[in-house]
Amino acid sequence: MKPQSDDVVLRNAVLEEFEWNALLDPSQLGVDVTNRVVTLVGTLDSIAQKLTAQSAAESVDGVRDVLCRIDVKIPVAAQRTDEEIARIVDQVLTWDALVPEQDVAVNVDNAWVTLAGAVPTRRQAEEAERAVSHLVGIRGVTNNLQLSDPPVTPEAVRQAIQHALERRAEHRARKIDVIVDDGAVVLRGSVESLGQKR
């Protein structure tokens, strides 16, 4: 019997990961793997399910990248008007202690939420997107939030990243070089999985 290719093994591992996730129905998803790049297709009921599928695929050891081509088709019972969605998003951001909601503008077009404005930290921008992404009735989120805090020096950025790497994986941090040049951060080295890469 011929041994399975790495791509077939990865495809099976991604499907198994879906089986273990209570939020996903693997029968609604298609998985293709080419050169360790996973392509996900299918139709799901929410953006939260789509993000869960993408995250599950990314967590599989050996996956180099994930192309998420999953469509979101909101069931009739979960459909909301753009005005309702905007009102709910405003409420969610108001109640989220990690997001300064007064600095976030919300626009909704055909159940697609766009966040704009300025927040002090990247973490707050990510939290705003995360909080909104789990709401029922939305098809997607575009995060156009900018950072309002003054820029820091490249050396301060490099040191902060290096310390974060050391906190999370001291033995692996020594293998990763941090380069900051003209506003761009480049990490060079090797890691054991896509999850560690992210």
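Conventions and cut-offs
Starting afresh in each chain, residues are numbered from 1 along the sequence in its written order. Reporting of local features is limited, given that this is a predicted model, to residues whose pLDDT is at least 70; pairs of side-chain atoms are given and counted only at 80 or more, and all residues count toward the totals for whole chains, interfaces and linings. Side-chain numbers here rest on the full set of heavy atoms in the structure, without hydrogens or water. A 1.4 Å probe rolled over the protein chains alone gives each residue an accessible area, and that area as a share of the maximum for its type sets the label: buried under 20%, exposed over 50%, partly exposed in between. Helix and strand assignments follow DSSP, with helices taken as H or I runs no shorter than four residues and strands as E runs no shorter than two, numbered in order from the N terminus. Any two strands with at least two DSSP bridges between them are considered paired. Note on geometry: axes are C-alpha line fits, over the in-contact stretch for helices, and angles between N-to-C directions span 0 to 180 degrees. Should an angle lie under 35 degrees it is considered roughly parallel, over 145 roughly antiparallel, and from 65 to 115 roughly perpendicular; all remaining angles are considered oblique. Crossings are classed by handedness, with left-handed meaning an anticlockwise turn of the near helix from the far one by less than a right angle and right-handed meaning a clockwise turn. Residue contacts are defined here by distance: any two heavy atoms, one from each residue, within 4.5 Å place the two residues in contact. Residues are grouped as follows: nonpolar covers Ala, Val, Leu, Ile, Met, Phe, Trp, Tyr, Cys and Pro; charged covers Asp, Glu, Lys and Arg; every other residue, Gly included, is treated as polar. When charges are counted, neither His nor the chain ends are considered; positive counts come from Lys and Arg and negative counts from Asp and Glu. Note on definitions: salt bridges are taken to be side-chain nitrogens of Lys or Arg within 4 Å of carboxyl oxygens of Asp or Glu. Note on patches: the residues involved have over 30% relative accessible area and no salt bridge, like charges join within 9 Å, and the nonpolar side chains Val, Leu, Ile, Met, Phe, Trp and Tyr join within 5 Å. Here, Shrake-Rupley sampling with a 1.4 Å probe gives the accessible areas, and only protein chains in the shown set may cover a residue. One atom stands in for each charge, and that atom is NZ of Lys, CZ of Arg, CG of Asp or CD of Glu.

### Regarding the pairing of strand β1 (residues 29–34)
By the alternation rule, side chains of β1 split into L29, V31 and V33, which are all buried, and G30, D32 and T34, of which none is buried. Sheet topology note: the β1/strand β2 (residues 37–44) ladder contains six bridges and is antiparallel. Bridge pairing in β2 links V33 to V38. If you look at the hairpin formed by β1 and β2, you'll find two residues sitting between the two strands, and N35 has a positive phi there, around 55°.

### A closer look at the packing of helix α1 (residues 6–19) against helix α2 (residues 47–58)
Running from amino to carboxyl end, α1 crosses α2 at an angle of 130°, the nearest separation of the two axes being 9 Å. Judged by the inter-axis angle, α1 sits oblique to α2. Here the hand of the crossing between α1 and α2 comes out right-handed. Listed contacts from α2 to V14, E17 and F18 of α1 are A53, A56 and A57. For the contact of α1 with α2, the class distribution of residues is five nonpolar, no polar and one charged.

### Examining the side chain of K50
Tracing the backbone shows K50 in helix α2. Despite being buried, K50 has no salt bridge partner; D71 is the closest side chain of opposite charge, sitting 6.4 Å away. With sequence-adjacent residues up to four places away left out, K50 is seen in contact with L44, C68, I70 and V72.

### Structural notes on a negative patch on the surface
A grouping of E16, E17, E19 and D25 is seen on the molecular surface, where their side chains present a negatively charged patch. Note that E16 resides in helix α1.

### A word on unusual backbone geometry
Here the phi dihedral of N35 falls at roughly 55°; this positive angle occurs in a residue that is not glycine. Counting through the fold element by element, N35 comes out in the loop between β1 and β2. With relative accessibility at 55%, the residue N35 sits in the exposed group. For R36, which is not glycine, the phi torsion reads 70° and is therefore positive. By the element assignment, R36 lies in the loop between β1 and β2.

### Quick notes on the pattern of salt bridges
Under the definition given, this model contains two salt bridges. Taking the shortest distance from any N to any O, the salt bridge between E127 and R130 comes out at 2.6 Å. Here R130 and E127 lie together in helix α4 (residues 122–133), a separation of three residues that amounts to about one turn. By relative accessible area, E127 is classed as buried at 5%. Overall, R130 belongs to the partly exposed group, its relative accessible area being 42%. E155 is paired through a salt bridge with R158; the nearest N and O atoms lie 2.9 Å apart. Of this pair, E155 and R158 both sit in helix α5 (residues 154–168), three residues apart, which is roughly one turn of the helix. The class of E155 is partly exposed, set by a relative accessible area of 38%. Residue R158 is classed as partly exposed on the basis of its relative accessible area, which comes to 27%.

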